[in-house]
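# A structural walkthrough
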Amino acid sequence: MTVRIGCRDLRVGVRDRDLLHVEHLDVDAGETLAVLGPNGAGKSTLLRALARIGRPHRAGQVLLDGRPADARAVRAAVAAVLQRPILRRGTVAANAAAGLRLRGVGRAEAARRSVPWLDALGVGHLAGRDARTLSGGEAQRVAIARALAVGPRVLLLDEPFAGLDATTRTDLVADLRAVLDDLDTATVLVTHDRHEAHALAGRTALLVAGRIRQHGPTARVLDRPADADCAQLVGCTNLLPPALTGRSGLLVARPEHCRPLRLDDAPPPGDVRVPGTVRRIVPLGAGVRIDVDPESGGRPLACLVPAGGAVGLQRGSPTAVTVANADLRAVPPDA
Ligand SMILES: Nc1ncnc2c1ncn2[C@@H]1O[C@H](COP(=O)(O)OP(=O)(O)OP(=O)(O)O)[C@@H](O)[C@H]1O
């Protein structure tokens, strides 16, 4: 694999405040890297700095093919898709061709090269439609087709699925995955959704407060959070300090791995068991979320169980949140 785009010691700031400081990031040709972070972490700032658009970065370098690249070289290599697609007046076909037209390609050639991307993204049948009449999901597909039509060496996606309903999002994620699998484009996907990272990216970087806290193969990052902030990002939202578990060190667990048992049910040996009281029960369609206040105090623990899993429990019921040893992860305590 060859490194297609990267950065070294990249800093972006306002006045005396650094919004972003990324020491080292590389994305290979044909690879998708997810940048996962909470609101305000600096994800869009990183994407814009990589694309060399907007505010100039304060320090550091953006690399293309391993060498420092100026804004012109980066812009020639990169196509970006933003959270809310901006489509121009005119037909869907004209919008899909717009990136190529901007790069000086003639009208007929631009149409010839862009129409297959509309087909690949499942919106070929809308080619003649006024682009401003499209739904959010359709518009996002056209925006992705427009970006891919230019044959970008680097594709930057800034929360491209935000604002889409669950079914539309799942369909688009699957279609995009199939398209990207056939390209040697280096793709950076910014998202706050770990499921999107899992579906699309071989590697994931967790960005917290402008810094990369953890970085590695997506499956490993999602399964082995490096600290409590990373644990929250990857869905291990239950914090189990020693006072709750009797064990040394901070443990974390996913709600789907926590079960509210009756107080007199003996958990299998080795499982952690936290006695408490049901705080609330929230039906969530296919499942039920049961929040439990631990007896010894601290933040409530969330249990996600299949529908029917709350039988016999109500607000105020005594219970014991139980987690199998294999589902617990140890993280260092906050610095
Ligand atoms: N011009 C600016 N002046 C001051 N602060 C700014 C400016 N632009 C961005 N910021 C701050 O920089 C931080 C990072 O913003 P950014 O948009 O990159 O976050 P993000 O991770 O993409 O968030 P979201 O998920 O909400 O889109 C935020 O705290 C934001 O308020």
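For the chain, an unreviewed UniProt entry supplies the name ABC transporter ATP-binding protein and the organism Pseudonocardia oceani.

Core analysis: the biggest nonpolar cluster contains 36 residues, and Leu155 and Phe161 have the highest contact counts within it. Only strand 6 (78-81), helix 3 (92-102), helix 4 (107-120), helix 5 (136-149), strand 7 (154-158) and helix 6 (166-181) provide two or more residues apiece to this core. Examining the composition of this core, we find that eight residues originate from one element, helix 5, more than from any other. Excluding residues within four positions of it along the chain, leucine 155 makes contact with Ala79, Val81, Ala147, Leu148, Leu180, Thr185, Ala186, Thr187 and Val188. Listed in part, the 29 residues of the second largest apolar core include Cys7, Leu47, Leu156 and Ala205.

Moving on, we get to the sheet that holds strand 10 (residues 211-217). Taken together, six strands build an open sheet; the order of strands is 6-7-8-3-9-10 and the sheet is mixed. At either margin of the open sheet sits one strand with a lone partner, and together these are strand 6 and strand 10. The sheet shows a mean angle of 15° between the axes of neighbouring strands, taken without regard to direction. Sheet analysis places strand 7 next to strand 8 (residues 186-191), joined by five bridges and oriented parallel. When the bridges of strand 8 are listed, leucine 156 appears paired with valine 188. Each of strand 3 (32-36), strand 6, strand 7, strand 8 and strand 9 (203-208) is contacted by helix 1 (residues 43-51), which is oriented at about 155° to strand 7, the strand it contacts most. Lying on the sheet, helix 5 is in contact with strand 6 and strand 7; it crosses strand 6 at an angle near 175°.

By nearness alone, 13 residues border the ligand, and Gly40, Lys43, Ser44, Thr45 and Arg55 come closest of all. Within the side chain of lysine 43, a nitrogen or oxygen atom sits 2.7 Å from an oxygen atom of the ligand. Measuring from an oxygen atom of the ligand, one finds a side-chain N or O atom of threonine 45 at 2.5 Å. Burial of the ligand by the protein chains amounts to 62% of its free accessible area of 640 Å². Where the shell around the ligand is concerned, the elements lending two or more residues are strand 2 (17-28) and helix 1. The element contributing the most residues to the shell around the ligand is helix 1, with three residues.

The next subject is the UniProt feature "domain: ABC transporter" (unreviewed entry) in the chain. Residues annotated in UniProt with the feature "domain: ABC transporter" (unreviewed entry) correspond here to residues 5-234. Secondary structure over residues 5-234 splits into 39% helix and 27% strand, and the C-alpha atoms at its two ends are 25 Å apart.

The subject of this paragraph is the pattern of salt bridges. Inspection of the entire model under this criterion finds 22 salt bridges. Here aspartate 65 ties to arginine 4 by a salt bridge, and the two come within 3.8 Å at their closest N and O atoms. Taken together, the residues span a long stretch of sequence, with aspartate 65 in the loop between strand 4 (59-64) and strand 5 (67-68) and arginine 4 in strand 1 (residues 3-14) at a distance of 61 residues. Linking glutamate 109 and arginine 113 is a salt bridge whose minimum nitrogen-to-oxygen distance equals 3.6 Å. One end of the pair is glutamate 109 and the other is arginine 113, both in helix 4 and four residues apart, which spans about a single turn.

Turning our eyes to something else, we now look at helix 6. Taking 1.5 Å as the rise per residue, helix 6 with 16 residues should run 22 Å; its terminal C-alpha atoms sit 22 Å apart, in good agreement. Every buried residue of helix 6 is listed here: Leu172, Val173, Leu176, Val179 and Leu180. Along the axis of helix 6, the buried residues cluster in a sector spanning 130°; they form a single face. For helix 6, the exposed residues lying more than 90 degrees away from the buried face are Thr167 and Thr170. On the buried face of helix 6, the contacting elements are strand 3, helix 4, helix 5, strand 7, strand 8 and helix 7 (194-200). With a side-chain oxygen lying 3.1 Å from the backbone nitrogen of threonine 167, the N-terminal cap of helix 6 falls on aspartate 165.

Reading the values: the criteria
- Residues numbered from 1 in each chain as written.
- Predicted model: local features only at pLDDT ≥ 70, side-chain atom pairs only at ≥ 80, totals over all residues.
- Heavy atoms only, no water.
- Core = buried A, V, L, I, M, F, W, Y, C linked by side-chain atoms within 4.5 Å.
- Buried < 20%, exposed > 50% of the residue type's maximum accessible area, 1.4 Å probe, protein only.
- Helix = DSSP H or I, 4+ residues; strand = E, 2+ residues; numbered from the N terminus.
- Contact = heavy atoms within 4.5 Å.
- Pairing = 2+ DSSP bridges.
- Axes fitted to C-alpha atoms, helices over the stretch in contact; angles between N-to-C directions.
- Near = heavy atom within 4 Å.
- Polar contact = N/O pair within 3.5 Å; in protein donor to acceptor, adjacent residues only side chain to side chain.
- Areas by Shrake-Rupley, 256 points an atom, 1.4 Å probe, with all protein chains shown as cover.
- UniProt positions renumbered as here; feature names shortened; annotations may be inferred.
- Salt bridge = Lys/Arg side-chain N within 4 Å of Asp/Glu carboxyl O.
- Expected span 1.5 Å × (residues − 1).
- Arc of directions from axis to C-beta.

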